[in-house]
Amino acid sequence: MAAAPVEAVSDVNTTGNPTQITMAYLRDEKTGDITNLNLGELDLTTDEFILDEVDIHIQANLEDDLVKEALKTGVDLRQYSKQVEAELQRIEQASIKDYIKESQNIALLHNQITACDSILERMEGMLSGFQSDLSSISSEIQTLQQQSVSMNVRLKNRQAVRSHLSQLVDELVVPGVMISTILESPVTEQEFLEQLHELNTKINFAKELSFRETLACSDIQDIVDRLKLKAVSKIREFILQKIYSFRKPMTNYQIPQNTLLKYRFFYQFLLANERSVAKEIRDEYVDTMSKIYHSYFKSYSGRLLKVQYEESRNTIFTLGQREAILSPAELEGPILVPHTAQRGDSRYPYETLFRSQHYALLDNGCREYLFLCDFFMVAGNSALDLFYCIMGKTLSMFLKSMSTYVSDCYDSIAIFLCIHIILRFRAITAKRTIPALDKYWEAVLELLWPRFELILEMNIQSIRNTDPQKLGVLDTRPHYITRRYAEFSSAIVSINQTFPNERTNALLAQLQVEVENFVLKMAAEFPSRRDQLIFLINNYDMLLSVLMERAADDSKEVESFQQLLLARTQEFIEEILSPPFGGMIAFVKEAEALMEKGQLDRLKNEEARITQLVRGFSSTWKQSVESMSQDVMRSFTNFKNGTSIIQGALTQLIQYYHGFHKILNQPTFRSLAVRSELINLHHLMVEVKKHKPNF
């Protein structure tokens, strides 16, 4: 049924206008055969119609709002059905009229659709052609891309080859500028140095190519070899000329050395390309500088000895201003000029000459070591070996000369100062990180230390073996041996403070013990204990005074003699108080001892003794104090020490008299009438102060 109208419309399109086509279509609709109409599931006559489904449709229709409204109002459904059918026919007629009215537009739309379909068909054909062309183009692009990648790889390979070949050619080519410069320019020209660097590069490159058996190497080998020989010849002549200039008298060899350092590449070139010539130059330099240093230091050392003053007993035990040589300003000060000193008739101790000699060695040795490392390109043991080849004769001469002097030297202060000069010079070279002279410093110390210790041991033995009876007439003043020891010990202690040495401290301790024993042996020669104590106090006081000028207040030597001086001073105070006030002092000590035991009553029968003591003290104490003060001031050479002893004695006297007062205030003695004759303690103190010497 659906196909008939399409065919009818198709026929009408060929035979009439749109109105006629439409009317024919409607006629066909009315007269069409409906007997063959297939209603499908809606066919009531079919055996497969299921009545159960009718109930479902009825129930669904009853739910319709319009049906519900009709049932509520009681409308006759048959009438209502006819009314609806009539309405539908009216609408159908209206729709047909509208369709007929728009039939022309529909026919036009149909024609346009047909035309579009034809156009789209042609476009489809064109697009299919385009697609085929694009597939072909894509294949061609892929082919081109592969060709491009392949060409790019070939280009990179050619560029890499070109780079290597270009570098190879550049390295192989010997430019004319290089040839003319090496052959004609002086070696001191900067251009010669630059071209020598280039020539060295080409020589190394040619060696590398020869190992690879590159044929192109043979093309330049002859030219490079001849240029190398010419350069070696000119460099050899230049360096040897500079070395020979060192030999001229009065030459400052540091100037040509600095010139050689500017052209240190010359030796590097020789070492790399002509080792025999490099060895010749090094040997010539070693031989020349060895002779120059030996000659210079031999002459300088000989002239220095002419301005040395002779040793004497006044100098070998006294430091004086000699310690100034260890100050930084003196230690690294200018070296002595012997002929200038001779013209001024100046004389110097050995340690000053030693300092000047070794500072010159230190200065020249450090400079020479740095030059060797820099110019000859050596380091470590090689540098040390080369240095000793040059300085070995000079250092041996120094050690031999020093050994000769030291073996006959008894100036231990000079030797000890030399030891500390070497210790400081060794610290300077360590700070400069120059190990060249380390072995020499050790050799000097191994020479000086045993001699210094030997002299100390000899002094110890000498004091130990001294017989006081062979020293002549004795008096209570400080002995000259004690003074020498004080000067010597303070000198060694002062020097040893900066670089302490335990062996030195041990020897000083032995020497101190022997001196203390010596002083005691000397004091024993005096018949009275009073003179013995005066002698001991004078010597201990002098020892302390000298030691404290240089040694630290907390040094062992100072502390030891302070204790000895304090003990002997206290004993001497008791000794000088005993003659005038011995009775009172003995009574006070006895009474205090009994008071501690609670037995003071044992003295209550001593009224006569107490009376005598009270009245005796009151009548004689002023004269006794005056006499004692004068006697003390005459006995001691150090006025300050004598004053201190007087003050100590008067203080001790007041303490004893205060103790006497306390004893007589005890119940045992309160009834004694003589207590009223006791001198007021405050009054006594005021009077005693008048007898204290004033500075």
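In the nomenclature of an unreviewed UniProt entry, the protein is known as Vacuolar protein sorting-associated protein 52 homolog of Crenichthys baileyi. The Sequence similarities (unreviewed entry) field of the UniProt record for the protein holds the comment "Belongs to the VPS52 family." Here the protein is described in UniProt, under the heading Subcellular location (unreviewed entry), as follows: "Golgi apparatus, trans-Golgi network".

1. Concerning the overall build of the protein
A count of helical and extended segments in the protein gives 26 helices and zero strands. Taken across its 695 residues, the protein has 38% of its residues classed as buried. A separation threshold of at least 6 residues defines the contact pool for the protein, and within that pool the share at least 24 residues apart is 78%. Element-wise, carbon and sulfur atoms account for 53% of the exposed surface of the protein, whose accessible area totals about 41500 Å².

2. Digging into the confidence of the model for the protein
On average, residues of the protein score 83 in pLDDT, and 85% of them are at 70 or above. This model gives residues 1-16 a pLDDT under 50, and the stretch forms twelve contacts once residues within four places in sequence are excluded. Low pLDDT, under 50, characterises residues 29-35; the stretch is placed with two contacts to residues that sit more than four places away or in other chains.

3. Brief notes about unusual backbone geometry
One non-glycine residue, Met377, adopts positive backbone phi at about 55 degrees. For Met377, the position within the fold is in the loop between α16 (350-375) and α17 (380-407). Positive phi, normally seen in glycine, also occurs at Thr433, with a value near 55 degrees. Of note, Thr433 is situated in the loop between α18 (412-431) and α19 (438-464).

4. Thoughts on helix α25 (residues 639-664)
Owing to its 3.6 residues per turn, the α-helix brings residues three or four apart onto one side. Helix length check: α25, at 26 residues, gives a terminal C-alpha distance of 38 Å against a target of 38 Å (1.5 Å per residue), a fit within 8%. Capping of α25 at its N-terminal end is provided by Asn638; its side-chain oxygen lies 3.0 Å from the backbone amide nitrogen of Lys640.

5. Some words on a nonpolar patch on the surface
A cluster of nonpolar side chains, namely Val84, Leu88 and Ile91, defines an oily patch on the protein surface of about 240 Å² accessible area. Considering the arrangement of structural elements, one finds Leu88 in helix α5 (residues 77-101). On the accessibility criterion, Leu88 (52% relative accessible area) is exposed.

6. Some points on the packing of aromatic side chains
The final tally for this structure, using the stated rule, is 36 aromatic pairs. Both rings, one in Tyr440 and one in Trp441, keep their centres 5.6 Å apart while their planes meet at 55 degrees; by these two values the pair is tilted. The exposure classification of Tyr440 matches that of Trp441, with both residues buried. Grouped by ring-pair contacts, the aromatic residues Tyr296, Phe297, Tyr300, Tyr359, Phe398, Phe425, Tyr440 and Trp441 constitute a single cluster.

7. Observations concerning the pattern of salt bridges
Here the structure, examined in full by the defined rule, presents 23 salt bridges. Among the salt bridges present, the one from Arg247 reaches Glu284, with a minimum N-O distance of 2.3 Å. Here Glu284 lies in helix α12 (residues 275-305) and Arg247 lies in the loop between α9 (217-245) and α10 (254-262), a separation of 37 residues in the sequence. Between Lys589 and Glu574 there is a salt bridge, with its nearest N and O atoms 3.8 Å apart. Given the relative accessible area of 23%, Glu574 is considered partly exposed.

8. Quick word on a negative patch on the surface
A surface patch of negative charge is lined by Glu189, Glu191, Glu194 and Glu198. As for its position among the elements, Glu191 is in helix α8 (residues 190-211). Given the relative accessible area of 38%, Glu191 is considered partly exposed.

9. A look at the nonpolar core
In this structure, Ile239, Phe266 and Phe660 are the most contacted members of the largest nonpolar core, which totals 168 residues. Tallying contributions element by element places helix α23 (residues 556-597) first for this core, with 15 residues. In this structure, Tyr300, Leu304, Val307 and Leu353 belong to the second largest nonpolar core, which totals six residues.

10. Observations concerning the side chain of Ser290
Considering the arrangement of structural elements, one finds Ser290 in helix α12. You can call Ser290 buried: its relative accessible area is 7%.

11. Things to note about helix α21 (residues 502-523)
In this model, α21 (22 residues) spans 31 Å end to end at C-alpha, consistent with the 32 Å of a helix rising 1.5 Å per residue. Inspection of α21 places Thr504, Leu507, Leu508, Leu511, Gln512, Glu514, Val515, Glu516, Phe518, Val519, Met522 and Ala523 among the buried residues, and these make up the whole buried set. Its side-chain oxygen 3.1 Å from the backbone nitrogen of Arg503, Asn501 forms the N-cap of α21.

12. A word on the packing of α23 against α25
As a packed pair, α23 and α25 sit with axes 9 Å apart at the nearest point and diverge in direction by 15 degrees. Classified by the angle between their axes, α23 and α25 sit roughly parallel to one another. Here α23 runs over α25; the crossing is left-handed. When the residues that make up the contact of α23 with α25 are grouped by side-chain class, the tally is 18 nonpolar, five polar and three charged.

13. Some words on the packing of helix α24 (residues 607-635) against α25
Following both chains from N to C, one finds α24 and α25 inclined at 175 degrees, their axes separated by 10 Å at the closest point. If you check the angle between α24 and α25, you find them roughly antiparallel. Residues Ile610, Leu613, Val614, Phe617, Val625, Met628, Ser629, Val632 and Met633 of α24 pack against Phe639, Gly642, Thr643, Ile645, Ile646, Ala649, Leu650, Leu653, Tyr657, Phe660 and Leu664 of α25. Looking at side-chain class alone, the contact of α24 with α25 contains 17 nonpolar, three polar and no charged residues.

14. Let's talk about the environment of Leu240
Tracing the sequence through the fold places Leu240 in helix α9. Counting along the chain gives 44 residues from Leu240 to Glu284, while the straight-line C-alpha distance between them is 7.8 Å. Beyond its immediate chain neighbours, meaning those up to four positions away, Leu240 contacts Glu280, Ile281 and Glu284.

Here is what the cut-offs are and how they apply
- Residues numbered from 1 in each chain as written.
- Predicted model: local features only at pLDDT ≥ 70, side-chain atom pairs only at ≥ 80, totals over all residues.
- Heavy atoms only, no water.
- UniProt positions renumbered as here; feature names shortened; annotations may be inferred.
- Helix = DSSP H or I, 4+ residues; strand = E, 2+ residues; numbered from the N terminus.
- Buried < 20%, exposed > 50% of the residue type's maximum accessible area, 1.4 Å probe, protein only.
- Contact = heavy atoms within 4.5 Å.
- Areas by Shrake-Rupley, 256 points an atom, 1.4 Å probe, with all protein chains shown as cover.
- pLDDT = per-residue confidence, 0-100.
- Expected span 1.5 Å × (residues − 1).
- Polar contact = N/O pair within 3.5 Å; in protein donor to acceptor, adjacent residues only side chain to side chain.
- Patch = residues over 30% accessible without salt bridge, like charges linked within 9 Å, V, L, I, M, F, W, Y side chains within 5 Å.
- Salt bridge = Lys/Arg side-chain N within 4 Å of Asp/Glu carboxyl O.
- Phe/Tyr/Trp six-rings, centres within 6.5 Å; stacked < 30°, edge-to-face > 60°.
- Lys, Arg positive; Asp, Glu negative; His and termini not counted.
- Charge placed at Lys NZ, Arg CZ, Asp CG, Glu CD.
- Core = buried A, V, L, I, M, F, W, Y, C linked by side-chain atoms within 4.5 Å.
- Axes fitted to C-alpha atoms, helices over the stretch in contact; angles between N-to-C directions.
- Parallel < 35°, antiparallel > 145°, perpendicular 65-115°, else oblique.
- Left-handed = near helix turned anticlockwise from the far one by under 90°.
- Nonpolar A, V, L, I, M, F, W, Y, C, P; charged D, E, K, R; others polar.

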